[in-house]
Amino acid sequence: MLTYVLKRVLSTIPVMVIVAVLVFLLLRLAPGDPAAVIAGDYASAEDVERIRSQLGLNDPMFVQLWRWILQLASGDLGTAIFSKKPVMELIGQRIEPTLLLSLCTIVFAVAVAVPLGTIAAWKSGSLIDRFVMFFSVGGFSVPVFVLAYCLIYVLAMQLKILPVQGYKSPFDHGLLTFLRHMVLPVMALSVIFISLIARMTRASVMEVLEEDYVRTARAKGQSEWKILMKHAVRNAAVPIVTVIGVGIALLIGGVVVTESVFNIPGLGRLVLDAVLARDYPVIQGLILFFSFVYILINLLIDLSYTLFDPRIRY
């Protein structure tokens, strides 16, 4: 297994290089000029040109790319154009809200989706099954920001049982205050995640329930609960875990929208602010950071297969 892990870790290097080059080129080809944003609306062409020269934006494209790759090789993601702070420092300042929001969303989504999908497969064709499928389709159809504003209107503005926006750290304000501020964003962000996992769980468990060893277990008189937990869910775990890993990509995209709607000062909000300001180093650094996290999570998902299926060996 150690050899497999080393190979996977080494294989991330060319992937990250390709991502870095693509991100660099796409940002430079996209409309917008950070020098013009810094200079302001009333700046002259000479002022904009002077700022471009200071930022190195007048250098040839390959020179800028090579300079940035050398920075990455030394572990430096660059310095933000506007705040003049290192990108790594900005990530460190904003990572707590995003990390806690993502963890709460994953835990909540898995805790809800797996039982829903399992019950839907067990009661295939029933009203419960139809409700789960309707919920899954609806979850994919409603955008995150629409659901977020609906939750704000009903639970925060009308019923006034939850705060509208903001973030309170559990380390500074306590766990209860933190959870009250997390309920709405977690609910908004987890719906699409729940829909994805529930559908895959239902399909995987239904497939397992048709296997011969399940019919043998029923013939031996084992209870349905034991059959579901010992045989069905466990043997259907590999595709379920796989789709959880795939759903991380949806989660990363949803974090940007969710943090913007609920005014959470995390990495998603930092991405949006950097895009609006055309802060190239921040955008590039954040995309590379998210790409690395996604690759790392998929590696952990692959390694977890051995826990659910002893036949899998690396």
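Notes on the structure follow. (Residues numbered from 1 in each chain as written. Predicted model: local features only at pLDDT ≥ 70, side-chain atom pairs only at ≥ 80, totals over all residues. Heavy atoms only, no water.)

1. Some words on a positive patch on the surface
So, step 1. Residues Lys220, Lys226, Lys230 and Arg234 make up a contiguous surface patch of positive charge.
So, step 2. Structurally, Lys230 can be placed in helix α11 (residues 224–235). (Patch = residues over 30% accessible without salt bridge, like charges linked within 9 Å, V, L, I, M, F, W, Y side chains within 5 Å. Areas by Shrake-Rupley, 256 points an atom, 1.4 Å probe, with all protein chains shown as cover. Salt bridge = Lys/Arg side-chain N within 4 Å of Asp/Glu carboxyl O. Lys, Arg positive; Asp, Glu negative; His and termini not counted. Charge placed at Lys NZ, Arg CZ, Asp CG, Glu CD. Helix = DSSP H or I, 4+ residues; strand = E, 2+ residues; numbered from the N terminus.)

2. What about the side chain of Thr201?
So, step 1. Tracing the chain through its elements places Thr201 in helix α9 (residues 175–209).
So, step 2. Separated by 2.7 Å, the side chain of Thr201 and the backbone oxygen of Ile197 make a polar contact.
So, step 3. If sequence neighbours within four positions are ignored, Thr201 has contacts with Ala113, Val114, Gly117, Thr118 and Ile240. (Polar contact = N/O pair within 3.5 Å; in protein donor to acceptor, adjacent residues only side chain to side chain. Contact = heavy atoms within 4.5 Å.)

3. Focus: the nonpolar core
So, step 1. If you look at the biggest cluster of nonpolar residues, it comprises 69 residues, and the most contacted ones within it are Met182, Leu184, Ile197, Phe262, Val282 and Leu286.
So, step 2. No other element matches α9, which puts 14 residues into this core.
So, step 3. The residues touching Val282, leaving out its near neighbours within four places in the chain, are Ala80, Val87, Leu90, Leu270 and Ala274. (Core = buried A, V, L, I, M, F, W, Y, C linked by side-chain atoms within 4.5 Å. Buried < 20%, exposed > 50% of the residue type's maximum accessible area, 1.4 Å probe, protein only.)

4. A closer look at the environment of Pro170
So, step 1. On the secondary structure map, Pro170 appears in helix α8 (residues 170–173).
So, step 2. For the pair formed by Pro170 and Tyr42, sequence separation is 128 residues and the distance between their alpha carbons is 44 Å.
So, step 3. Every residue in contact with Pro170, bar those within four places of it in the chain, is listed here: Glu96, Leu100, Leu175 and Phe178.

5. Points about the side chain of Ser204
So, step 1. When you line up the elements, Ser204 lands in helix α9.
So, step 2. At a separation of 2.9 Å, a polar atom in the side chain of Ser204 contacts the main-chain carbonyl oxygen of Met200.
So, step 3. Residues contacting Ser204, with those up to four places away along its chain left out, are Ala236, Pro239 and Ile240.

6. Here we look at unusual backbone geometry
So, step 1. The backbone phi angle of Lys84 is positive, close to 65°, even though this residue is not glycine.
So, step 2. Looking at the secondary structure, you find Lys84 in the loop between α4 (61–73) and α5 (87–122).
So, step 3. Assessed through its relative accessible area of 57%, Lys84 is described here as exposed.
So, step 4. The backbone phi angle of Arg278 is positive, close to 55°, even though this residue is not glycine.

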